[in-house]
Amino acid sequence: MNLAEYDGKYVCIVDTDGNSFTGRARYGNSEFLECEWGLNEDGVFIEDVVICNSQIESIEEIVPHGTAELWTEHL
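Since the model is a prediction, treat every value here as computed from it, not as a measurement. (Residues numbered from 1 in each chain as written. Predicted model: local features only at pLDDT ≥ 70, side-chain atom pairs only at ≥ 80, totals over all residues. Heavy atoms only, no water.)

**Q** Mind laying out the sheet that holds strand 1 (residues 10-15), listing which residues take part and the relevant values?
**A** Strand order in the open sheet formed by five strands is 4-3-2-1-5, with antiparallel pairing between adjacent strands. The two strands at the open ends of the sheet, each matched to only one other strand, are strand 4 (49-52) and strand 5 (56-61). Taking each pair of neighbouring strands and ignoring which way they run, the sheet shows an average axis angle of 45°. Looking at chain direction, strand 3 (residues 43-46) and strand 4 are connected through four bridges and run antiparallel. When the bridges of strand 4 are listed, I46 appears paired with V49. (Pairing = 2+ DSSP bridges. Helix = DSSP H or I, 4+ residues; strand = E, 2+ residues; numbered from the N terminus. Axes fitted to C-alpha atoms, helices over the stretch in contact; angles between N-to-C directions.)

Right under this line is the structure:
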């Protein structure tokens, strides 16, 4: 699976244990993850959680939902 194509996109990941992770994905290549985390494969960060390629059951790009506070001096 090419995880680099999901870098910077909002995704929903289901891992092999059935856990779901939703958020903006940051791609971590295998060299970085081996140096920093001792892992020997690439993966994706969702916030501060790293999910390795072999742990991903499914990954899909999603449309983010939420609210944002808008403020101007006229409001």
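**Q** How would you explain the pairing of strand 1 if you had to name every residue and give the values?
**A** Pairing of strand 1 with strand 2 (residues 20-28) involves five bridges; the strand directions are antiparallel. Bridge assignment links Y10 to a residue of strand 2, and that residue is R24. Counting the residues between successive antiparallel strands, the hairpin from strand 1 to strand 2 contains four residues, one of them, G18, with a positive phi of roughly 90°. Pairing of strand 1 with strand 5 involves five bridges; the strand directions are antiparallel. Looking across to strand 5, one finds that D15 is bridged to I56.

**Q** Tell me about the nonpolar core, residues and numbers included.
**A** In terms of nonpolar packing, the biggest core is built from ten residues, these being L3, Y6, V11, I13, A25, V44, I46, I51, I56 and I59. Secondary structure elements with two or more residues in this core: strand 1, strand 3 and strand 5. Sequence-distant contacts of A25, defined by excluding residues within four places in its chain, comprise Y6, D7, G8, K9, V11, V44, F45 and I46. (Core = buried A, V, L, I, M, F, W, Y, C linked by side-chain atoms within 4.5 Å. Buried < 20%, exposed > 50% of the residue type's maximum accessible area, 1.4 Å probe, protein only. Contact = heavy atoms within 4.5 Å.)

Such coordinate-based values are descriptive only and should not be taken to indicate function.
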